[in-house]
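# Fold and geometry: a report
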Amino acid sequence: MQAQNIKSILIVFLLICLSCLSFLIYQTNDEKKKVKEDLIELSNIKYGLFNVDEWKKILANILTKKIEEFELKGTSRKEMKKKISGFLYKVITDFENVYQENNSGSIGGFFKNIGAKAFNIFGELKENIPRFTDQILDFVNDPKNKKALKGYLTEKLNEYADNTFSKLDYTTHDSIIKKYKFEDRATTITGLNTQLTELQQKANIYKYALVTIAILVMAFILSTKDVTKIEFILLTATCFLFLILGLTLPMIEIDARVSAIKLTLLGEQINFEDQVLYYKSKSILEVIRLMLTQGSFDLILVGFLVLVFSVLFPLSKLISSVCLAFSEKLKSNKAIHFLVYKTGKWSMADVMVVAVFMSYLGFSGILTEQLHQLDNLSSKLDVLTTNKSSLQTGFFAFTAFALLSLLTTNKLKKD
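Note that the structure is a prediction, hence the values are computed from the model and not measured. (Residues numbered from 1 in each chain as written. Predicted model: local features only at pLDDT ≥ 70, side-chain atom pairs only at ≥ 80, totals over all residues. Heavy atoms only, no water.)

## Comments concerning a nonpolar patch on the surface
There is a patch of nonpolar side chains on the surface, built from L292, F297, I300, L301, F304 and L305 and spanning about 560 Å² of accessible area. Mapped onto the fold, I300 is located in helix α12 (residues 297–326). (Patch = residues over 30% accessible without salt bridge, like charges linked within 9 Å, V, L, I, M, F, W, Y side chains within 5 Å. Areas by Shrake-Rupley, 256 points an atom, 1.4 Å probe, with all protein chains shown as cover. Salt bridge = Lys/Arg side-chain N within 4 Å of Asp/Glu carboxyl O. Helix = DSSP H or I, 4+ residues; strand = E, 2+ residues; numbered from the N terminus.)

Okay, here's the thing in structure tokens:
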């Protein structure tokens, strides 16, 4: 009798621990989900590598730097003076030839050519080429003119970009930065990464605790020959909590991103980091709701089947098990008997777990392969990609439900 009381106290203790842990898991997951969604939004590649505004800033900075570095002195001035002088000499010579040809067909033109030669107009222009060249070089070196040139190039760059590319909506972007009260996107991303790391550490602790409780409950069931009605109720409640966790918590997180990309433009290094390409994290219930609200018949049908086999059958099985444990009359009820002993095959909980795990492996493999191809896209680009996909707490909770539910039903069958 005393051993029986200890067993009951143990399962009650595990159930209380699981209840408290479930609350902590939901609280942490909800906070983590909000931070992660905001972080993913700010890290999206549309705000970085694929953002025309970002490229406008980069190109403007490069042009500004190149103009500031451009200074004609010493050898560079001599070389540029030689090129400009040669260009001016050619232009004046070409103009002289055209002038003479245009005035060679009339008496007035004849006198114009004679006058140009008499006054040596083109000769004086050529003699003054060195002076003109020095004036041009001084003009280029003038800081005021450099500033004007930078403004002109920046204005033309912005004008071209605005007329060529569509504008990006920054409403969500700005609201996230405002919500966390950071100065800009970069500092917001850094702050959110810090918060997410702390939340992930807590979530990992809770996940390990959840697995530990599942193992202890499993050991309790396997080591117990006779289960009382009260113990059966407690075990069923434990299965119910695991089922709720498995249905409502995310099961898989698909996260593909370019962790770093480097390229050289006009001798300047350009870096982009943590550019999110694709991200999804959904629970079973969220997937069902998404399918049922899409409006497409095939998706609605699949969503309905998932709802029936993964939600309704497991719940009805747990409820029927409790009813069967407290009523001898219901043992002959075919409907109850079917729900308790036959719906395990129909609900396919174990198959669902395997399917989720295989989907994770498949997604992970596909993403890794595709990202690896992006790594080798060009020898001129230094690309480092990352597949951060992972199984989430919902998967482990649903797995625990599938196993514990099977073991608990077998105990009822023996009784």
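## Quick notes on the packing of aromatic side chains
The tally for this structure, following the rule as stated, stands at 3 aromatic pairs. When the ring of Y47 is compared with that of Y170, the centres are 6.0 Å apart and the planes differ by 35°; the resulting orientation is tilted. Of this pair, Y47 sits in the loop between α1 (2–43) and α2 (52–69) while Y170 sits in the loop between α7 (143–164) and α8 (171–180), and the two are 123 residues apart along the sequence. Overall, Y170 belongs to the partly exposed group, its relative accessible area being 22%. (Phe/Tyr/Trp six-rings, centres within 6.5 Å; stacked < 30°, edge-to-face > 60°. Buried < 20%, exposed > 50% of the residue type's maximum accessible area, 1.4 Å probe, protein only.)

## Remarks on the side chain of N51
The residue N51 is located in the loop between α1 and α2 in this model. Other than its neighbours up to four places away in sequence, N51 contacts I45, K46, L168 and Y170. (Contact = heavy atoms within 4.5 Å.)

## A short note on unusual backbone geometry
Positive phi is not limited to glycine here, since K181 has a value of about 60°. Within the secondary structure, K181 is located in the loop between α8 and α9 (185–223). Look at K181 and you get exposed, because its relative accessible area is 75%. One non-glycine residue, D274, lies in positive phi territory at about 50°. A relative accessible area of 24% places D274 in the partly exposed class.

## Focus: the pattern of salt bridges
A full pass over the atoms with the stated rule returns 6 salt bridges. Here K33 makes a salt bridge to E286, at a shortest N to O gap of 2.8 Å. Of this pair, K33 sits in helix α1 while E286 is found in helix α11 (residues 284–292), placing the two residues 253 residues apart along the sequence. For E286, a relative accessible area of 19% puts it in the buried group.

These values are about where atoms sit, not about what they do.
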